[in-house]
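Analysis of the macromolecular model
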Amino acid sequence: MLTAGKYLQSAILSMILVLTSGCADSDRLSISDLTCESLKDPLGVNTLLPRFSWKNNSIRQGATQTAYQILVADDIKKLNEKEANLWNSGKTPSSSNIWVEYAGKSLQSGQLSFWKVRVWGENDDPSSWSSPARFGIGLLDKEDWTASYIGYPSEKGFHSSPQLRKTFSLNNTDKKGIYLLHVNSLGYHEIYANGKKVSDDVLSPAVSQFNKRSQIVTYDVTPLLKIGENDLIIWLGSGWYTEGLPGVTGKGPVVRAQMECVHGETKEVVLCTDASWVGRESEYSRISDWMTGRYGGETVAGNLEARNRIFEVPDELKWEEIAIAEVPEHEVTPQMVEPNRIKATIHPAEIEKLNDTTLLVDMGKCLTGWFEITFTDLKKSQEIVLEYADHLNENGELVDQGQRDKYIASGSGTEYFINKFNYHGFRYIKISNLEQVPLLTEIKAHLIHTDFEIASTFECSDKDMNRIHDMVAYTLRCVGLGGYLVDCPQLERLGYGGDGNASTVTAQTLFNLAPLYNNWLQSWADVIREDGSMPHTAPNPYAAGGGPYWCGFIISASWNTYQHYGDRRILEKYYPVMQKWLGYVDAHSVNGLLKKWPNTEYRNWYLGDWATPEGVGNPDHIDERSVDLVSNCYISVCLGQMKNIAGVLGKTEDVEYYSEKRAQLNRTIHETFFDMQQGYYATGSQIDFIFPMLAGVTPEELREGFTNILIEKTKKEYGGHLNTGLVGIPVMMEWAAKVHQSDFIYSMLKKKTYPGYLYMLEQDATATWEHWNGERSRIHNCYNGVGQWFYQTIGGIRSIPGKQTYSEFLVDPQIPEGITWANTTQETPYGKIGVNWKLYDKKMTMEVKVPVGSLARLIPPKGTIAMHVDNEPIPVSNDPILLNSGKYFVECFF
């Protein structure tokens, strides 16, 4: 029997044991963010050798993974060391926690598996097992399909949005296992099982080049199925699968779908699309022909109750025979990018009544996505017209951007409109033929983009810089719909390589875009021609303008994607495509320099820079000297990237070849374009100064003088403003970070007059524009390359050449005069980097967070005479200070 004293001693001892046990557990690594092929719980990946990644977390400085163990099983109940029947890696000595390749029992198409992982730290202490995750292998071969392509024969053709239906039964024996529905639609689709939508994705699938490829989206429909009668509806809309575009045949959208029951190592086809399905016209139809400036919208007829009958009482509707569709042979592959989803919903800022029957709705900000409105007191057959634009003209009137919806009223029930298989880029909506002014709560706009993760944050003491950063970040969300980055969502909707190259580093810093670039790069490989010629967009539905900087996306984006995310397979897969395009470049080079190549049916123009303030780079004002200089400097950059890629792939002869080829090209560029008398290259514009320095063309001994001339010229001739365009902005930002020219960039960004980012914001911009003066598009991926500067320069987080995925990185804040603090985070494949710094009178403090698996190289700020790290004095030298994983408090004294 315990006395009070003994009881107290026992209680204290128990508390000590609990506390020490808790400390020990907290010292161990913990695991989060499990992905397979960079996707969370994908149901259909495109490989039989999938790769696994995870993040290790620890509050301990110097924490390191030394080994891992992965279990894979075909049943989550078997996910233990004794029963894992597909792969038990055992304790595998390795520090790697990204792109770890499956090495177990052979997998097969349509198979569903479960996995988990644990790791060991530097003290050989194991972590707890991660939470389980799952992955499926998609349908990889033609032989995997028994389904046929079907469509609904409609007089509306590609303007039709038909609904296709199949009923089927499941009994007690059938209702075991997991039911996966593989959907390969040519055009958009939505899937409904027993009256409920099977997923919250919208506007699926992602884009592809239809004459080469279409995509499969896989859904787990198990939770929506039941014993007995089941009802499956596939709702189609044509989207990019429209008449006259490459690879499009027939008279409307088509689909093939196959449901399989997966149970352990077995799978069985439950149903597939065939002649037994039935179909009908829906109350939706497309407006316009889905071309540049004519993307139109949708007509919706009937009240909500009538439209919902298909989900509530489908047997009461009239169903007709469908048609088997003949589709040309092409690659059919699983979609390897997240779906589109609604990411935010807003209500109007203002509704203005223009006259008795016309309203102008201001949503308060630009966005890409859907419009939703509930009407009251409409008459039967009353037609409400909705027109959209991203800005108003100088008279306050809606500009015509070819975006229009129509609602045809029932005269009863809930009169309700929302988009489904089209979308808009807009801020303003003009509503015509409507007398009743809706309440603000009756109107919504939905921001839609690919469901990528926001990966970074930035805030500093200068509110102007925060406004520019936030505008750029928001714009990239607005152009990131469909598994690629478009130029603009309202006018062209094209995946321009130039716009992509200009924003890749910024976009991949701000967001986790590994899957998106995986999808987009596949389209670039699909559009190259036999002679190595590239279009300016991918997918490539029709001709569009650009130049070499646009076509070389296949090289630069592949390299940058590898640098950010570490996926070696991308380099392996597209290296031959890169070489093929460079062969085309060689074929159009004269005396060692690339010269203008011909326009084609799929590509026009030949630009250097584009969308500059005073016309340099515009098609009507091309200066051939600048175009050739910019184009050849970019080819030099590509050759440098090819040298690096060849090095990663172990191609030593190619490394030497591209190195020598670049050195010769740089000599030729300097000899051809450098004007000794004027003291600059070509026209002496900002890009003509900077690109040769960035590309390594300018001899080292000239660079300091060049920089001084550039700064002086900018002050005197350009009024201290940016005077460059789409290509020049990212070139300038990358150069400035490397040579520590933060004050130069900051001074230009602070200008509130034309041209500049603050000028846009002073004109009430909420997204960046296509042109500095606001012409044409005001949601555009043109000038967003500035975003990288905030992270690399003010935040001070920079990658190190040859150290992909931020396995090693610099902490090197470059502080322009006028900024006193900055808080920056950046998510990497290893985890989150954090740099928070603040200036005092004669001191700067930094809080630095280094993720497990990474090493930071801290460069003391200029003028540092003493340093403390975690209150311990550190000698100041020219060498960076090495910080292993963990959190650190740094003080720099001036």
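Check the entry above for the structure.
The following refers to the structure shown. These numbers were taken from a predicted model, which means no experiment stands behind them.

**Section: the pairing of strand S15 (residues 228-237)**
Summarising burial for S15: 8 of the 10 residues are buried, a large majority. Bridge count for strand S10 (residues 163-170) against S15 is 8 bridges, and the pairing is antiparallel. Pairing of Gln 163 across the sheet is with Trp 235, part of S15. Across 6 bridges, strand S12 (residues 188-193) lies against S15 in antiparallel orientation. Following the sheet pairing, Glu 190 is matched in S15 by Trp 235.

**Observations regarding helix H5 (residues 497-510)**
The end-to-end C-alpha distance of H5 is 19 Å, a good match for the 20 Å that 14 residues give at a rise of 1.5 Å each. If you look at H5, its biggest bend is around 55°, right at Ser 503.

**What about the sheet that holds strand S45 (residues 866-869)?**
Taken together, the 7 strands give an open sheet; going across it, the order is S33-S41-S42-S43-S48-S45-S46, and neighbouring strands pair in antiparallel fashion. Whereas interior strands pair on both sides, the edge strands pair on one side only; in this sheet they are strand S33 (456-460) and strand S46 (872-874). On average, each strand axis in the sheet is tilted by 15° relative to the strand beside it, whichever way the strands run. With 8 bridges joining them, strand S43 (residues 843-850) and strand S48 (residues 886-893) adopt antiparallel strand pairing. Looking at S48, one finds that Val 848 is bridged to Tyr 888.

**Here we look at the packing of helix H10 (residues 624-648) against helix H12 (residues 686-694)**
The N-to-C vectors of H10 and H12 enclose an angle of 25°; their axes lie 10 Å apart at closest approach. Regarding the angle of H10 to H12, the classification is roughly parallel. For H10 against H12, the interelement crossing comes out left-handed. Contacts between H10 and H12 involve Ser 626, Leu 629, Val 630, Cys 633, Tyr 634 and Val 637 from the former and Ile 687, Asp 688, Phe 691 and Pro 692 from the latter. Its residues assigned to classes, the contact of H10 with H12 comprises 8 nonpolar, 1 polar and 1 charged.

**A closer look at the packing of aromatic side chains**
Under the criterion given, the structure shown has 46 aromatic pairs. Centre to centre, the rings of Phe 674 and Tyr 681 are 5.2 Å apart; their planes meet at 55°, and the pair counts as tilted. Like Phe 674, the residue Tyr 681 is buried in the burial classification. These aromatic residues form a ring-pair network of at least three members: Phe 52, Trp 87, Tyr 102, Trp 115 and Phe 135. Sitting over the ring of Trp 290, Arg 493 keeps its end group 5.0 Å from the ring centre. It is Arg 778 that lies over the ring of Trp 769; its NZ or CZ is 4.6 Å from the centre.

The rules behind the values
Residues numbered from 1 in each chain as written. Predicted model: local features only at pLDDT ≥ 70, side-chain atom pairs only at ≥ 80, totals over all residues. Heavy atoms only, no water. Buried < 20%, exposed > 50% of the residue type's maximum accessible area, 1.4 Å probe, protein only. Helix = DSSP H or I, 4+ residues; strand = E, 2+ residues; numbered from the N terminus. Pairing = 2+ DSSP bridges. Expected span 1.5 Å × (residues − 1). Bend = angle between axes of the 7 residues up to and from the residue. Axes fitted to C-alpha atoms, helices over the stretch in contact; angles between N-to-C directions. Parallel < 35°, antiparallel > 145°, perpendicular 65-115°, else oblique. Left-handed = near helix turned anticlockwise from the far one by under 90°. Contact = heavy atoms within 4.5 Å. Nonpolar A, V, L, I, M, F, W, Y, C, P; charged D, E, K, R; others polar. Phe/Tyr/Trp six-rings, centres within 6.5 Å; stacked < 30°, edge-to-face > 60°. Lys NZ or Arg CZ within 6 Å of the ring centre and 35° of its normal.

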